[in-house]
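# Structural overview for review
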Amino acid sequence: MNWAFLLGLLSGLNKYSTALGRIWLSVVLIFRVLAYVVAAEKVWDDEQKDFVCNTKQPGCPNVCYDEFFPVSHVRLWALQLILVTCPSLLVVMHVAYRQEREWKHRLKHGPNAPSLYDNPSKKRGGLWWTSLLSLIFKAAVDSGSLYIFHRLCQDYDMPRVVACSESPCPHTVDCYISRPTEEKVFTYFMVATAVICILLNLSEVTYLVGKRCLQTLGPRHQKSRCQGHLPDTCPPYALSQGEHPQDRNSVLMKAGSATVDAGVYP
């Protein structure tokens, strides 16, 4: 697989991410993708060829290897990295869709037409839901992968010798795993980085939801406070002493313009 292409795509995600998202992206690119490409693939490159059993029975080593390693670690890690990084690309595609829609809107209504979005990359509306669901999906994929590794590796351990009695082995034979200590170290490293990524994803979910709640409840709280301080019988405008009733329309226009100005978002 061409991992350089994936690295190029993920680097464009940096400008659309929060601070926690940038940290997650750095952990994925440096400690997971590069570690996988540089070292992990070479460690498990010849794992089945070097899986040796103390018997010459044809087919016994293959059956024993499949018994203890039903899924290759390196291929499962590759699948995990692809599933974890693809939802982040959906955020980039959603921002590109917004920019394309904004460009078509300006092309149709002229350059002075009001914008559809204040900032196409700002996480509001559908883009907020895309970001939230992508974070939940990434945390779920990493959690599921850790559970699979836990079941396959027996508490992430890599024994030096395993006993196998599967057919067509003539009796219980001992099989030896190549470089078990090195494989154990890389297994612990990949598991630790996956746990860090899960914590970062959950922290970003908490940040997005908390920020959205503050944005939603903040204006309502201020509005309720203003309504509590002003009596219901108080008119929206007041005439000063000496002001003629015919000036009441001008006062209403001033009050209306002040209300419109106060409701405009920056």
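Presented here is an overview of the structure given in this document. None of the values given here were measured: they were computed from a predicted structure.

### Some remarks on the overall build of the protein
Scanning the protein from N- to C-terminus turns up seven helices and three strands. Counting only residues that meet the buried cut, the protein has 35% of its 266 residues in that class. Looking at the protein alone, contacts between residues at least 24 apart form 73% of all its contacts between residues at least 6 apart. Carbon and sulfur atoms provide 61% of the accessible area of the protein, an area that totals close to 16800 Å².

### Observations concerning unusual backbone geometry
Cis rather than trans, the peptide bond between Ser167 and Pro168 has omega equal to 15 degrees. Note that Pro168 resides in the loop between strand 2 (161–164) and strand 3 (173–176).

### Considerations on helix 4 (residues 73–109)
With 37 residues, helix 4 extends 55 Å from end C-alpha to end C-alpha; this agrees with the ideal 54 Å at 1.5 Å per step. In the segment just after helix 4, Gly110 is the residue with positive phi, at about 100 degrees.

### So, the packing of aromatic side chains
On inspection of all chains with the given rule, the structure shows five aromatic pairs. The interplanar angle of 75 degrees and the centroid separation of 5.3 Å between the aromatic rings of Phe51 and Tyr65 together place this pair among those described as edge-to-face. With Phe51 in the loop between helix 2 (19–43) and strand 1 (52–53) and Tyr65 in helix 3 (residues 60–68), this pair connects stretches of sequence that are 14 residues apart. Pair check on accessibility: Phe51 and Tyr65 agree, each one buried. Aromatic pair Phe51 and Phe69: ring centres 6.3 Å apart, planes at 90 degrees, arrangement edge-to-face. Of this pair, Phe51 sits in the loop between helix 2 and strand 1 while Phe69 sits in the loop between helix 3 and helix 4, placing them 18 residues apart in sequence. Considered together, Phe51 and Phe69 belong to a single accessibility category, that of buried residues.

### A few points about the pattern of salt bridges
For the coordinates displayed, the defined rule picks out two salt bridges. Residue Arg32 is joined to Asp142 by a salt bridge in which the shortest nitrogen-to-oxygen separation is 3.2 Å. Placement of Arg32 in helix 2 and of Asp142 in helix 5 (residues 126–153) is noted, with a sequence separation of 110 residues between them. Summarising the burial analysis for this pair, Arg32 and Asp142 share the class buried.

### A closer look at the state of the cysteines
Here the structure, examined in full by the defined rule, presents three disulfides. Shown here is the disulfide that connects Cys60 with Cys169, its sulfur atoms set 1.8 Å apart. Across the S-S bond linking Cys60 and Cys169, the dihedral sits near 95 degrees, which makes this disulfide right-handed. Here Cys60 is found in helix 3, whereas its partner Cys169 is found in the loop between strand 2 and strand 3, with 109 residues between them in sequence. On the accessibility criterion, Cys169 (10% relative accessible area) is buried. The partner cysteine of Cys64 in its disulfide is Cys164, sulfur to sulfur 2.1 Å. Disulfide Cys64-Cys164: the torsion about the S-S bond is -85 degrees, which places it as left-handed. Linking Cys64 in helix 3 with Cys164 in strand 2, this pair joins segments that are 100 residues apart in sequence. Cysteine pairing in the protein follows 1-6, 2-5, 3-4, where each cysteine in a disulfide is numbered by its order in the sequence.

### Describing the sheet that holds strand 2
Judged by pairing direction, the sheet is antiparallel, and its three strands sit side by side in the order 1-3-2 without closing on themselves. Each end of this open sheet is capped by a strand with a single partner; those strands are strand 1 and strand 2. In the sheet, strand 1 pairs with strand 3 via two bridges, with the strands oriented antiparallel. What sits directly across from Val52, in strand 3, is Tyr176. On top of the sheet, helix 3 reaches strand 1, strand 2 and strand 3; it is set at about 110 degrees to strand 2, its chief contact.

### Considerations on the side chain of Thr18
Take Thr18: it is sitting in the loop between helix 1 (3–11) and helix 2. For Thr18, the contacting residues outside a window of four places in its chain are Glu204 and Tyr207.

### Considerations on the pairing of strand 2
Because side chains alternate across strand 2, one face comprises the buried residues Val162 and Cys164, and the other comprises Val161 and Ala163, none of which is buried. As paired strands, strand 2 and strand 3 are joined by four bridges and run antiparallel to one another. Among the inter-strand pairings, Cys164 is bridged to a residue of strand 3, identified as Val173.

The rules we used
Residues numbered from 1 in each chain as written. Predicted model: local features only at pLDDT ≥ 70, side-chain atom pairs only at ≥ 80, totals over all residues. Heavy atoms only, no water. Helix = DSSP H or I, 4+ residues; strand = E, 2+ residues; numbered from the N terminus. Buried < 20%, exposed > 50% of the residue type's maximum accessible area, 1.4 Å probe, protein only. Contact = heavy atoms within 4.5 Å. Areas by Shrake-Rupley, 256 points an atom, 1.4 Å probe, with all protein chains shown as cover. Expected span 1.5 Å × (residues − 1). Phe/Tyr/Trp six-rings, centres within 6.5 Å; stacked < 30°, edge-to-face > 60°. Salt bridge = Lys/Arg side-chain N within 4 Å of Asp/Glu carboxyl O. Disulfide = S-S within 2.5 Å. Pairing = 2+ DSSP bridges. Axes fitted to C-alpha atoms, helices over the stretch in contact; angles between N-to-C directions.

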